[in-house]
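So the chains spell out like this:
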Amino acid sequence: MTDQTTLDALRTEVRIWLAANAPKGWRQAEQTHEQFAAAQRDWFLKLVEGGYAIPHWPAEWPGGGRSLAEQKIIYEELAKADTPRLLLSFVSTFHAASTLMECASEEQRARYLPGILKGETWCQGFSEPGAGSDLAALKCRAVRETRADGDVYVVSGQKIWSTMAQYADKCLLLVRTNSDGVKQAGITFLLMDMKAKGVTVRPIQQIQGDEEFCEIFLDDVEVSVADRVGEENKGWAVAQATLSSERGLTLMELSYRMRGALSYVAELIRRHGREADTEVLRQFGVLSARVDSACAIADQFLENRMNGIEGLGDASIVKLTYSRVLREYALLGLKIGGLDEQYRAPITFGDLNTGNWMADYMNSYAWTIAGGSDEVQRNIIAERMLDMPREPKNWVVA
Amino acid sequence: MTDQTTLDALRTEVRIWLAANAPKGWRQAEQTHEQFAAAQRDWFLKLVEGGYAIPHWPAEWPGGGRSLAEQKIIYEELAKADTPRLLLSFVSTFHAASTLMECASEEQRARYLPGILKGETWCQGFSEPGAGSDLAALKCRAVRETRADGDVYVVSGQKIWSTMAQYADKCLLLVRTNSDGVKQAGITFLLMDMKAKGVTVRPIQQIQGDEEFCEIFLDDVEVSVADRVGEENKGWAVAQATLSSERGLTLMELSYRMRGALSYVAELIRRHGREADTEVLRQFGVLSARVDSACAIADQFLENRMNGIEGLGDASIVKLTYSRVLREYALLGLKIGGLDEQYRAPITFGDLNTGNWMADYMNSYAWTIAGGSDEVQRNIIAERMLDMPREPKNWVVA
Amino acid sequence: MTIELSELRDAAQKAFPADGLRPARDASWKLIAEMGWLMMPLSEEAGGLGLGRDAVATIHFEMGRVLSRAPLIPALLALQALEKGAGLADQAGWLERVASGEYVAVSLEPKNTIVASGEVLTGTLRAVADADMAGHLLVCAPGLVALVPSNGAGVTVTERPLWDESRRLFDVTFDGHKVAPELIVARDNAADGIAASLRAELLVALAADALGAANATLDMTVEYLKTRKQFDRPIAMFQALKHRCADLKTRIVSAEALLWARAGDPEASEVQLGALKALACEVFRFTAEEAIQLHGGIGLTEEHHCHLYMKRAELNRWLGGSADDLNEAAGRAALAA
Amino acid sequence: MTIELSELRDAAQKAFPADGLRPARDASWKLIAEMGWLMMPLSEEAGGLGLGRDAVATIHFEMGRVLSRAPLIPALLALQALEKGAGLADQAGWLERVASGEYVAVSLEPKNTIVASGEVLTGTLRAVADADMAGHLLVCAPGLVALVPSNGAGVTVTERPLWDESRRLFDVTFDGHKVAPELIVARDNAADGIAASLRAELLVALAADALGAANATLDMTVEYLKTRKQFDRPIAMFQALKHRCADLKTRIVSAEALLWARAGDPEASEVQLGALKALACEVFRFTAEEAIQLHGGIGLTEEHHCHLYMKRAELNRWLGGSADDLNEAAGRAALAA
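Residues numbered from 1 in each chain as written. Chains lettered and ligands numbered in written order. Predicted model: local features only at pLDDT ≥ 70, side-chain atom pairs only at ≥ 80, totals over all residues. Heavy atoms only, no water.

**A word on the overall build of chain C**
And step 1. In terms of helices and strands, chain C carries 10 helices and 10 strands.
And step 2. Here chain C has a C-alpha radius of gyration of 20 Å; the compact-globule value for 337 residues is 20 Å, and the two agree.
And step 3. Taking the principal axes of the C-alpha coordinates as reference, chain C spans close to 70 × 45 × 35 Å.
And step 4. In chain C, buried positions account for 63% of the 337 residues.
And step 5. Restricting the contact set of chain C to residue pairs at least 6 apart, pairs at least 24 apart contribute 71%.
And step 6. Summed over its atoms, the accessible surface of chain C is roughly 11800 Å², and 52% of this surface lies on carbon and sulfur atoms.
And step 7. Between the averaged position of the 33 positive side-chain charges in chain C and that of its 45 negative side-chain charges there is a distance of 7 Å. (Helix = DSSP H or I, 4+ residues; strand = E, 2+ residues; numbered from the N terminus. Rg over C-alpha atoms; globule rule 2.2 N^0.38 Å. Buried < 20%, exposed > 50% of the residue type's maximum accessible area, 1.4 Å probe, protein only. Contact = heavy atoms within 4.5 Å. Areas by Shrake-Rupley, 256 points an atom, 1.4 Å probe, with all protein chains shown as cover. Lys, Arg positive; Asp, Glu negative; His and termini not counted. Charge placed at Lys NZ, Arg CZ, Asp CG, Glu CD.)

Printed below as a string of structure tokens:
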């Protein structure tokens, strides 16, 4: 573990750097989703330059080799300084990077990792319309064929819920190469170029007006066998590594951001003259404590990880706590805001606690549904933490 | 249907009778459970005399032959006059009576029905420690044996949750006469004398200090084959008739009683000086509307029954609404009452909304758990009303 | 439900089938006029159908179910106000025109800053429904109820775009508009009485709208759960989801029982109707919230219908008064009872 | 959790095993004194262990888990007050006696009507814990903290039987009792400072008690569900029940995270500790409510343990201040932040 003096020094260093470099007025400046994406790119490259973009990468990379305690400090400070969340580079620096580092070949690493630091972005092609919580049921089909310059997989199918795929250069793609036997056993992991022939990306219009997710249509897309990670039909294990690449930092950061955003509730109460309403005061008091407990459980999870103790289901507790508190936050805003909040107002892209309460409410579903819905988390907690029996496997419908 | 003039006349008649005959000060007078039981007997016999005890029985019985609309009026007026609920005679006049009338032999009817009007009380021996919601799993064993004066069933086993069995003269008993095949197919329905040799009754000490329920231990109790209702191993169908004998009147009565008892909440708010607390006022407003909706759904259910339209699951909606509102009632009282309510105070037997808030809270479980728990009601509503698939029958545990 | 009401309901479901969600406003309006619904609450002497609040609620319930865009709620409020306005110069003419399709807009928000000094109106009326299709607005100010041409002098009409695209609301600002004598509907106590009765009718109408829509929301959700498969079985088989649907059903059905009891009770007070409205709208709100969660990702897409219900549910909470205000009034009344 | 704290916890679990629910008060008290817990928060200079709030909370957490009947919470409050009372005549003697097992009772209810006029006390102190085993009571009145013999002149001690039989509370009435000069602990600002610090420590203690008990309640419930069979399967297999248990677990674990964060933060304000206490007690209350429901009928019987947790949960809500008051204060603070 990193000693306290080093940590304090890092915190000071990050604060100084942020005071000079954190973007200002970015919410107002980003009127379109394209402007948002462009600002995301700029901010990421600035963080790379500052040495704070990839603290979790190994030490041989500039800005890498940070302990978890150091990573936590960097994220805390990014949250406190109210900088834009790093959304566009998230899959690249976490999912793509850990997949490459843990499961890919030397050639693949050399080919793809440096690009990430230059701003090359990745998206994830995992979910499918028929395979949400049940990811292993995916159907996107890849057939191996021989070409003059080497074998390729010819891929056809559809992916969905791919975050910011409309701006992505590359894709972490799960495909089915075998349909016999258990569904997990026929999955292969590919690295796909988003500019390849046959790739069509369609942003999904979301209910709050955002376009954070995309559908990806694949029509006989050719991916070289050299871009396969791991063996054929062994992609499921690779995908697990991808998905476990980020454990807790994001939710810690988001909880702290929500704590900062309690000021929006206070402003709202004042604006509506509800300072003497006992119910509103109590609900605000309860919300504050709930947000504090979301911060505390996220902190505790990270601290346990630093000490090498992560229990089964711990991550689910953190996520379920956060998603429920996020919903409570938005609901309280809607309750106090009244009719005013029903008038459509511009949204802030990539931000969850904005004081635009209908938008915040709608955004809160992204956390109760995406990345393992609340229902999936409850199953995990019941089965792995409380050791309650699993759902029966073989259902005989009456 | 009964015409409005007849109904109005009945209402007036009942009111006049109640003004003269309704017991006064009964809450204070009943300090022990025995006093409560004695008062129940007296009140029941007085109602028999007045002609209001068994309005749902056929017309050949004095006070019987009332339409459902008339029954509703009688129960409404009993509730409004704040008379004691009829608990001790409930199984006798509903469950026992309808079992006898619908499924028993002429001899059995002649033998048992007149006694009910003289105050003979019945209890139910259905549930067992291992068979609660899953009633058909009952194990209480009956073996047919020959005696000099005719065949008997020799019964051994244990029953539980038998309401006021400590005061009962007779018992509606379900026993297992066959253990092969589907569990429903080996059940037989008996009429048992509670004074028979081998019957031991043990009142269950409840958490609020009441003794409403009993365990019944049966040790080689002999029941004559003449006291079997229906055929051997065909008791399950008889039990269904027993259980469906009361449809809606009780919950209508209880909902109206709860409406009357909103005055306890008002008193409490005044006693604690919370008249200006916006949260308390709003919660009281919400509770009032919820109580009103429990009354409305109970009324609607009865009205639909009068018109011969009862849908699948309707009764479950009425029960689940009532049980949840009853809980909300008690919770609001506890919230406003504060520490004062944590000091133990005498309970009122057989009453659900008393303003003794801890007792009311504990009593509310009798409705969320007994008579088909909230969970069972939800299953019924989902499967029968919403037509969602049933639980699989054959579980293969993973 | 009486035979008369169930016939009304069936007719409404035929005219506005469940699969035609959010039907176009102008076509709906035409159909509504043809169905005679614009004359429902008008007395038979005045040429109307003389139907009660329960009949009107039956139609609003069905309009909620299909997320109707047509301003039937405000139209009937205006009609009822005009019928009560015995002092109105051409009352019979107005009633005939409004009952046959001329739309008069009203505000759906009881808290407004509008004041009348003599016949001169100043202030802002919020949440005026579909003011763009109205020649006249019906304005309730303390002590004065009057009609105002929507393009009258000193009258500014501004649309306020909503998250809920099934409704359109406008701010109407009065900068010293002088009401024409022949457009005065009522003054003083009579005016305040009309305003109170409009508030009461609005509350029932919104409760009916909310519960019709809540029913549709739950139906849609249960259907989806039966169709959608995960882990090789329809997700409707998962007990946790079944129980949540059962709870929603229970809440909806029992709130609906109260709706019909209140709608059929001419003695029901404004406070009682307010508590009903708050209950109904909370049931709808929660149903819509759960509906999105139960749909999962698809419920977050613009193209799926889930969010349409949710946005209407959120708006309904505030029209006619907030739950906080209505419940507080109900609590006060229960305390005084 | 540090190694020191987890050792404390293990020792507590060994001394008070989970299967010995509601251990007898006097035997527990003796054991508690032997374990040295009565000197935990006392500074090392004063002969104590000098342990922090987190260590104390660790023990209260374990005492909650077994529904301890011994008055450790008030005992430690009294000790902390006495250590702060520099003006107390025989302070060292008092500290030694209290730390080695002489029980001094305090009130667990911050709202009291007691007033001090000079050294004369009048009014009633509610919710004084286990006054029957105390020779002296520690009384906090505005401007005065003092010890009072429980059989002193003008002092009446009356037990108020509780639904929760794991605790015993007394009303203590002062009818012009004159405090002996040598028993005065503090006056004026110093006295009010002590009262405030006792309120704060009480809040953390109750939060810890509640969450320890909530954990035990859920553990017991999950075990029962795994054992109990209905419809030929353990009812723990039913998803609706699994999800409810998972929600309870999540609420408990996240409230517990806040407990340890606050207990380990000497800067935590009384308002923050109040919000924590309100949260923890609501989590316990709801867990206990669900526990009975999930147990079904057996949970309603006196002989099963379910109701013991529920009754302690209900009482805990009110000790140290009601959730309404604490949350309102937290809301006000958040508004001012």
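**Let's talk about the interface of chain A and chain D**
And step 1. Taken together, the contact between chain A and chain D spans 36 residues of the former and 32 residues of the latter.
And step 2. Interface of chain A and chain D: buried area, both sides summed, is about 3000 Å²; carbon and sulfur atoms make up 66% of it.
And step 3. When the buried area of chain A at its contact with chain D is split by residue, Arg282, Leu386 and Met388 of chain A rank highest and sum to 20% of it.
And step 4. As a salt-bridge pair, Glu328 of chain D and Arg282 of chain A come within 3.0 Å of each other at their nearest N and O atoms.
And step 5. In this structure, the connection of chain A to chain D is made through 12 residue pairs in polar contact (both at pLDDT 80 or more).
And step 6. Ranked by residue count, the leading element in the side of chain A that touches chain D is helix 10 (residues 278-306) of chain A, at 14 residues.
And step 7. Residues of the side of chain A that touches chain D, tallied by class, amount to 17 nonpolar, 7 polar and 12 charged. (Buried area = accessible area lost by both parts, 1.4 Å probe. Salt bridge = Lys/Arg side-chain N within 4 Å of Asp/Glu carboxyl O. Polar contact = N/O pair within 3.5 Å; in protein donor to acceptor, adjacent residues only side chain to side chain. Nonpolar A, V, L, I, M, F, W, Y, C, P; charged D, E, K, R; others polar.)

**Topic: the packing of aromatic side chains**
And step 1. In the structure shown here, the tally under the stated rule is 28 aromatic pairs over all chains.
And step 2. Taking the centre distance of 5.2 Å and the plane angle of 70° together, the rings of Trp17 of chain B and Tyr52 of chain B count as edge-to-face. Of this pair, Trp17 of chain B sits in helix 1 (residues 4-21) while Tyr52 of chain B sits in the loop between helix 3 (33-50) and helix 4 (68-80), and the two are 35 residues apart along the sequence.
And step 3. A residue is classified by how much of its surface remains accessible, and Tyr52 of chain B, at 4% relative accessible area, is buried.
And step 4. What links up through ring pairs into an aromatic cluster is the set Trp17, Trp43 and Tyr52 of chain A.
And step 5. Just above the ring of Tyr256 of chain A sits the side chain of Arg259 of chain A; from NZ or CZ to the centre is 5.2 Å.
And step 6. A cation sits over an aromatic face here: Arg160 of chain C above Tyr343 of chain A, 3.9 Å from the ring centre. (Phe/Tyr/Trp six-rings, centres within 6.5 Å; stacked < 30°, edge-to-face > 60°. Lys NZ or Arg CZ within 6 Å of the ring centre and 35° of its normal.)

**Some points on the sheet that holds strand 4 (residues 136-141) of chain D**
Residue and element names in this part refer to chain D.
And step 1. Overall, mixed pairing links the 4 strands, which are arranged 1-4-5-8 in an open sheet. The open sheet has two free edges, formed respectively by strand 1 (104-105) and strand 8 (184-187), since each of these has just one partner strand.
And step 2. When strand 5 (residues 144-149) meets strand 8, the two strands line up antiparallel, connected through 3 bridges. Bridged to Leu144 within strand 8 is Arg187. (Pairing = 2+ DSSP bridges.)

**With respect to the domain arrangement of chain A**
For an interface, size is often stated in terms of accessible area lost upon the parts coming together.
Residues and elements named next belong to chain A.
And step 1. When the domains of chain A are assigned, the result is domain 1 (4-86), domain 2 (121-231) and domain 3 (246-385).
And step 2. Relative placement of domain 1 and domain 2: their C-alpha centres are 30 Å apart.
And step 3. In this complex, domain 1 contributes 5 residues to the contact, which on the side of domain 2 involves 7 residues.
And step 4. For the pairing of domain 1 and domain 2, the buried interface totals around 480 Å² over both sides, and the portion due to carbon and sulfur atoms is 57%.
And step 5. When residues of domain 1 are sorted by the area they lose upon contact with domain 2, His33, Ala37 and Arg41 head the list and together hold 79% of the total.
And step 6. Connecting domain 1 to domain 2 are 0 salt bridges.
And step 7. The residue makeup of the side of domain 1 that touches domain 2, split by class, is 2 nonpolar, 1 polar and 2 charged. (Domains from an automatic or database assignment.)

**Observations concerning the interface of chain B and chain D**
And step 1. At the interface, 47 residues of chain B touch 41 residues of chain D.
And step 2. Between chain B and chain D, a total of about 3700 Å² is buried, with carbon and sulfur atoms accounting for 56% of that surface.
And step 3. Considering only the side of chain B, the residues that lose the most area to chain D are Ile207, Tyr343 and Arg344 of chain B, jointly responsible for 21% of the buried surface there.
And step 4. In this structure, the connection of chain B to chain D is made through 7 salt bridges.

**A look at the sheet that holds strand 4 (residues 136-141) of chain C**
And step 1. The strand order 1-4-5-8 (chain C) describes an open sheet built from 4 strands, whose pairing is mixed. Among the strands making up the open sheet, the edge pair consists of strand 1 (104-105) and strand 8 (184-187) of chain C.

**Notes on the environment of Lys178 of chain D**
Residue and element names in this part refer to chain D.
And step 1. On the secondary structure map, Lys178 appears in strand 7 (residues 169-178).
And step 2. Residue classification places Lys178 among the exposed residues on the basis of a relative accessible area of 54%.
And step 3. Sequence spacing of Lys178 and Ala214 is 36 residues, and the spatial spacing of their C-alpha atoms is 43 Å.

**Observations concerning the packing of helix 8 (residues 249-260) of chain B against helix 11 (residues 314-337) of chain B**
The angle between the axes and the distance between the axes are what describe a pair of packed helices.
All names here are of chain B.
And step 1. Relative orientation of the contacting elements helix 8 and helix 11 amounts to 25°, with a least axis distance of 11 Å. In terms of orientation, helix 8 lies roughly parallel with respect to helix 11. Here the hand of the crossing between helix 8 and helix 11 comes out left-handed. Contact with helix 8, carried on its side by Leu251, Leu254, Ser255 and Met258, involves Val318, Lys319, Tyr322, Val325, Leu326 and Tyr329 of helix 11 and no other residues of that element.
And step 2. Of the residues in the contact of helix 8 with helix 11, the class split is 8 nonpolar, 1 polar and 1 charged. (Axes fitted to C-alpha atoms, helices over the stretch in contact; angles between N-to-C directions. Parallel < 35°, antiparallel > 145°, perpendicular 65-115°, else oblique. Left-handed = near helix turned anticlockwise from the far one by under 90°.)

**Quick word on the pattern of salt bridges**
And step 1. Summed over all chains, the structure comprises 141 salt bridges over all chains.
And step 2. Here Lys242 of chain D makes a salt bridge to Glu383 of chain A, at a shortest N to O gap of 2.6 Å. Here Glu383 of chain A lies in helix 13 (residues 374-385) and Lys242 of chain D lies in helix 7 (residues 239-263), a pairing that spans two chains. Each member of the pair, Lys242 of chain D as well as Glu383 of chain A, is classed as buried.
And step 3. Lys178 of chain C is the partner of Glu119 of chain C in a salt bridge, and the nearest nitrogen-oxygen pair spans 3.8 Å. Taken together, the positions of Glu119 of chain C in the loop between strand 2 (115-117) and strand 3 (120-129) and Lys178 of chain C in strand 7 (residues 169-178) put the pair 59 residues apart, joining distant regions of the chain.
And step 4. When salt bridges with common partners are traced through the structure, they connect Arg274, Asp277, Glu279 and Lys335 of chain A, Arg282 of chain B together with Asp324, Glu328 and Arg332 of chain C into a single cluster.

**Considering the side chain of Asp360 of chain B**
Residues and elements named next belong to chain B.
And step 1. If you trace the backbone, Asp360 turns up in helix 12 (residues 357-369).
And step 2. For the buried residue Asp360, which engages in no salt bridge, the nearest side chain bearing the opposite charge is Arg27, 8.7 Å off.
And step 3. Setting aside chain neighbours within four positions, we find Asp360 in contact with Tyr329, Ala330, Leu352, Asn353, Thr354 and Gly355.

**Some points on helix 8 of chain B**
All names here are of chain B.
And step 1. Its 12 residues place the ends of helix 8 17 Å apart at the C-alpha level, agreeing with the 16 Å of an ideal helix rising 1.5 Å per residue.
And step 2. For helix 8, a buried count of 10 out of 12 residues is recorded, marking the element as mostly surrounded by other parts of the structure.
And step 3. Taken together, the buried positions of helix 8 are occupied by Leu249, Thr250, Leu251, Met252, Glu253, Leu254, Ser255, Tyr256, Arg257 and Met258. (Expected span 1.5 Å × (residues − 1).)

**Notes on the state of the cysteines**
And step 1. Considering all chains together, one arrives at 0 disulfides over all chains under this definition.
And step 2. The cysteine Cys245 of chain C is free of any disulfide, with Cys306 of chain C supplying the nearest cysteine sulfur at 12 Å.
And step 3. Assessed through its relative accessible area of 0%, Cys245 of chain C is described here as buried.
And step 4. The thiol of Cys281 of chain D is unpaired, and the distance to the nearest cysteine sulfur, on Cys306 of chain D, comes to 19 Å.
And step 5. Overall, Cys281 of chain D belongs to the buried group, its relative accessible area being 3%. (Disulfide = S-S within 2.5 Å.)

**Details of the pairing of strand 3 (residues 150-163) of chain B**
Residues and elements named next belong to chain B.
And step 1. Of the pairings in the sheet, the one linking strand 2 (residues 141-147) to strand 3 comprises 7 bridges and is antiparallel in character. Note that in strand 3 the partner of Ala142 across the bridge is Val155.
And step 2. Between strand 2 and the antiparallel strand that follows it, strand 3, lie 2 residues.
And step 3. Sheet analysis places strand 3 next to strand 7 (residues 213-224), joined by 9 bridges and oriented antiparallel. Each residue of the ladder has a partner; that of Val152, found in strand 7, is Ser224.

**Re the packing of helix 11 (residues 314-337) of chain A against helix 7 of chain D**
And step 1. Running from N to C, helix 11 of chain A and helix 7 of chain D point in directions that differ by 90°, and their axes come no closer than 10 Å. When the interaxial angle is binned, helix 11 of chain A and helix 7 of chain D end up roughly perpendicular. Each of Ile317, Leu320, Thr321 and Glu328 of chain A in helix 11 of chain A lies in contact with helix 7 of chain D, whose residues at this interface are Asp247, Lys249, Thr250, Arg251, Val253 and Ser254 of chain D.

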